[in-house]
Amino acid sequence: MLKLPNPGLDERILSHAQLEKLEVEEAGERPKWDNKAQYMLTCVGFCVGLGNVWRFPYLCQSHGGGAFMIPFLILLVLEGIPLLHLEFAIGQRLRKGSMDVWRTINPYMMGVGLASMCVSLLVSLYYNTIIAWVLWYFFNSFQEPLPWSQCPVNANRSGFEQECERSSPVDYFWYRKTLNITTDIDQTGGLQWWMVLCLISAWAVLYVCCIRGIETTGKAVYVTSTLPYVVLTIFLIRGLTLKGSVSGLVFLFTPDLNELANPATWLDAGAQVFYSFSLAFGGLISFSSYNSIHNNCEQDAVIISIINAFTSVFAATVIYTIIGFRATQRFDDCLGGNILTLLNTFDLPEGNITESNYDLALESLNATNPDIVNRLNLQTCDLNTFLTEGVEGTGLAFIVFTEAITKMPLAPLWSVLFFVMLFCLGLSSMFGNIEGVLTPLQDLKIFPKSWTKEAISGVTCLLCCCIGLIFVQGSGNYWLALFDSFAGSIPLLITGFCEMVGVVYVYGMDSRFNEDLVFMIGHKPNIFWQATWRVISPLIMLVIFLFYFVTTISKEFFYIAWDPESAKFPTLEQKPYPTWIYVIIFILAGIPSLAVPGAAIFRLLQMKIKHNDVNLTQKQAHRPLLSSVHFKRCSFIIFTIIFSTYLFK
Amino acid sequence: MWTVWTVWMVWMVCLVPTTSEALCTEDDGYKVRLSIKTALGGDAYEWNESEMFFFKATLAFAMRTYSGGEQYDVSNILVCDETLRVSFVFVVTKPSNTSELVPRTEVENAIKKSRHRINSAFLLTDQTLDFVGINPTLAAPIQYDTPPWLIAFGVVMGLVCAGIVALLVSTFLNKKRSKKSADEEEAGRGNGILCESIRGKDGLFNQGLVDDDRLTKL
């Protein structure tokens, strides 16, 4: 089997005998999980995140409903589980954080660790802003009536606010009261003080949970990983008792097998599996490195994958019962409005036209008085149109779902429960993200040794909070969408691919990885694992990456903006990105991706210089690979570029 | 003479209704629509003569309240164009002169002032008791001294800060405690052997030899 030359590997890793001794004597300073449950809950919490709730249901519904399960499950088995098992196994074996793991496997592969860290950092920045939004809605749920259930009145109490009147109370509350969004990305709009407070509270909660690393995180996950399931169950029971929920479920799960022929379905399924498992962030490698050496990582990988898939389907079911309810409410309101108009125009007694005989009545009235009926401009009411308004992402949580909640009795209670669930889902994912930042920072020895864990996590959280202020300005939502599309997509695919190739071909599958697994779990991984690790999974990742890359490059760069002046208001307007955005996009997607080859080239140059210098002096041999000074300089330059572009645009 | 008088009476009797009908037009009055079944569902009452009388009385009450005591009566409220929808047009005549109408604006202001009482009398709302052309004044928005969200924010931040302080303090205390015990160990160290371990053991038990035993097992 192909194996790339990798000299000096044995000196960098602990042998099996040494690992056994470490395990028995319980020596070593590496932190440990208190029990298996903490580890499982942390990994489940990291994998199960907001994407399961607001991305998967949308994909499921738009790609043929029940038929989407087929590509999703196939790719889960062929791509998700092998990659997950790989990350768990390599972390458990090498007992190092994501940065050190790659430095150990081969110093030229350190770029993979750097890329993971950069991506984790960029994702942490904007992900916590979403949690801040969730907190804002949570804080605002403690009042009756909910602030997004009705439009505010205008100055002379003669009508409602214009912007709200033209769109809807939920839209107005989201775009105006929460984001106070500007019309385009060029206008910053200044910091929104209420969102700054929410951002500070989000980072403060994260800090209190991560203050001592897994010692505190391990306790927090007992709540953050289990509460979402409790709330989802409550919502399922509540949702099924609402009118119209079944039509939502039927709409979601009705299979359309023609979608299977569409390559976009398979691509989206593959991408969803990959991102849903939070692979290539480095967090999972860190978490499994705190395990005991003989932990059964194979079993863990399979169990967590099953739980993740189950949660996606479960969440989709719950979401669509509520969406079905909302769509039915909207349909009833639409029809009710039409019926009232007809009754008023023709002075017919109430109850003459009902939902059941609406079509017949309309026909007969149209036959007798066609001009009057035409002048009424009756709306067409179609249930399917309302169901397809399901949307995804923040639109689903903060617009569609909040509207549905206002129509339920005891609305504040459901609102509180819903946003607590979203908060827990987001926070447990943030634990993994921040782990993917903190552990490499410690490995790189950026901070002085005298600093405690509390100080390091405190400074990191504080810095991230300050940089995250970008996202709480008026134009913050546009920045967030930018970060989401570019920082959290292409670099992850590259890193994931390199991880697989690195472990299989650089670390070595035959003599090393298989032996390691025999040592750790007692048996050699079977033909399924061999086939997927060596060929199938890397191939799938490569295909997904190429398609993603091609579609991103070829599509026009525009963003959708909330512009009350636009003609199509309240539909969001497509605007092209300004030219300086390309610098930002390069920093977001390019720098982490280029770190992979970049670090290898850097190392090559350093070795060459060392070779020349070794003849002159002996002292140079002990310079660290990538000193903290270099790293500080590079990061300083990067951030100066970001801020100067932002200031001088 | 007597027949002339009878003919004149009959003519007057026939004319008065037509005069009042002539007064009652939608341009001079307001159209009202009631949606009783929508509002009350199963508890809906039947719209009949008595309900109409009640409505006229309510309107007269509204006019009296607005005008500050002018003696409006049920007979001052003229109703026409009744339909099965339960909609009709009404006008208000002046109590002093029944052939003169009260201006529309006055009627509108009177209804706006007593709108809530009129709605409650009929167990209806602004939407189900519709005066076409009179828009309901919207309820004043609820004003809070402190916005509720700030209170929730304060509670959460208070708990979080308390947690952070508690954890930092406990770390600091642990450090001090471990430093103190390390200092005590330092004080007792002679030639690498802890005093505590040999205290009370007749000085024969040497820790340094224990590990060797493990290796020399044959």
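Small disclaimer: the values here were computed from a predicted structure and weren't measured. (Residues numbered from 1 in each chain as written. Chains lettered and ligands numbered in written order. Predicted model: local features only at pLDDT ≥ 70, side-chain atom pairs only at ≥ 80, totals over all residues. Heavy atoms only, no water.)

Asker: Looking at this model, I keep getting lost on the UniProt feature "transmembrane region" (unreviewed entry) in chain B. Mind explaining?
Answerer: Those residues carrying the UniProt feature "transmembrane region" (unreviewed entry) are residues 149–173 of chain B in this numbering. As annotated, residues 149–173 of chain B comprises 100% helix and 0% strand, and the C-alpha atoms at either end are separated by 36 Å. (UniProt positions renumbered as here; feature names shortened; annotations may be inferred. Helix = DSSP H or I, 4+ residues; strand = E, 2+ residues; numbered from the N terminus.)

Asker: How do you make sense of helix 10 (residues 169–178) of chain A when you look at a structure like this?
Answerer: For an α-helix the count is 3.6 residues per turn, leaving residues at separations of three or four pointing the same way. Residue and element names in this part refer to chain A. Across the 10 residues that make up helix 10, a large majority, 8, are buried. Where helix 10 is concerned, the buried positions are V170, D171, Y172, F173, W174, Y175, R176 and T178. As for helix 10, its buried residues are in contact with helix 8 (110–139), helix 9 (162–166), helix 11 (193–210) and helix 21 (394–406). Two residues or fewer past helix 10, N180 is found with a positive phi of approximately 50°. (Buried < 20%, exposed > 50% of the residue type's maximum accessible area, 1.4 Å probe, protein only. Contact = heavy atoms within 4.5 Å.)

Asker: When you look at the sheet that holds strand 4 (residues 129–132) of chain B in this model, what are you seeing that I'm missing?
Answerer: Note: strands within a sheet are paired through backbone hydrogen bonds, in either parallel or antiparallel orientation. Residue and element names in this part refer to chain B. Judged by pairing direction, the sheet is antiparallel, and its 4 strands sit side by side in the order 2-3-1-4 without closing on themselves. The open sheet is flanked by strand 2 (77–83) and strand 4, the only strands paired with a single partner. Averaged over all pairs of adjacent strands, the angle between their axes in this sheet comes to 25°, without regard to strand direction. The sheet contact formed by strand 2 and strand 3 (residues 87–92) spans 5 bridges and is antiparallel. Bridge pairing links L78 to V91 in strand 3. (Pairing = 2+ DSSP bridges. Axes fitted to C-alpha atoms, helices over the stretch in contact; angles between N-to-C directions.)

Asker: Help me out: how do you make sense of the interface of chain B and chain A in this one?
Answerer: Often, the extent of an interface is quoted as the loss of accessible area upon association of its parts. Taken residue by residue, the interface counts 33 residues in chain B and 34 residues in chain A. Across the chain B/chain A interface, buried area totals approximately 2,800 Å², and carbon plus sulfur atoms make up 67% of it. Counting the surface chain B buries against chain A, the share from its top three residues, B:R85, B:L138 and B:W149, is 28%. Inspection of the chain B/chain A interface yields 1 salt bridge. In this structure, A:D347 engages B:K31 in a salt bridge whose closest nitrogen and oxygen atoms are separated by 3.9 Å. At the boundary of chain B and chain A, one finds 10 residue pairs in polar contact (both at pLDDT 80 or more). Looking at the side of chain B that touches chain A, the elements with two or more residues in it are strand 1 (30–34), helix 2 (36–40) and helix 6 (148–188) of chain B. Sorting elements by how many residues they give to the side of chain B that touches chain A places helix 6 of chain B first, with 15 residues. (Buried area = accessible area lost by both parts, 1.4 Å probe. Salt bridge = Lys/Arg side-chain N within 4 Å of Asp/Glu carboxyl O. Polar contact = N/O pair within 3.5 Å; in protein donor to acceptor, adjacent residues only side chain to side chain.)

Asker: Hey, could you run me through the state of the cysteines in this one?
Answerer: Working definition: the covalent bond between the sulfur atoms of two cysteines is a disulfide. Residues and elements named next belong to chain A. Throughout the structure, instances matching the rule amount to 2 disulfides over all chains. A disulfide bridge connects C151 with C164, and the sulfur atoms are separated by 1.8 Å. Across the S-S bond linking C151 and C164, the dihedral sits near -85°, which makes this disulfide left-handed. Linking C151 in the loop between helix 8 and helix 9 with C164 in helix 9, this pair joins segments that are 13 residues apart in sequence. Judged by relative accessible area, C164 falls into the buried class, the value being 1%. Two residues, C334 and C381, share a disulfide whose sulfurs are 1.8 Å apart. Looking down the S-S bond of the C334 and C381 bridge, the torsion is -85°, so its handedness is left-handed. Remark: C381 occurs in the loop between helix 19 (370–375) and helix 20 (383–388) and C334 occurs in helix 17 (residues 297–346); sequence separation between them is 47 residues. C381 matches C334 in its accessibility class, with the two residues each being buried. When the bonded cysteines of chain A are numbered from the N-terminus onward, they pair as 1-2, 3-4. Of all cysteine sulfurs, the one in C209 lies closest to C424, which takes part in no disulfide; the gap is 9.5 Å. (Disulfide = S-S within 2.5 Å.)

Asker: What exactly am I supposed to notice about unusual backbone geometry here?
Answerer: What is expected of a backbone is that most residues other than glycine have negative phi and most peptide bonds are trans. All names here are of chain A. Going from E144 to P145, the amide bond is cis rather than trans, its omega being -5°. Within the secondary structure, P145 is located in the loop between helix 8 and helix 9. Despite not being glycine, A280 has its phi angle at roughly 65°, a positive value. By the secondary structure assignment, A280 is in the loop between helix 15 (263–276) and helix 16 (283–289).

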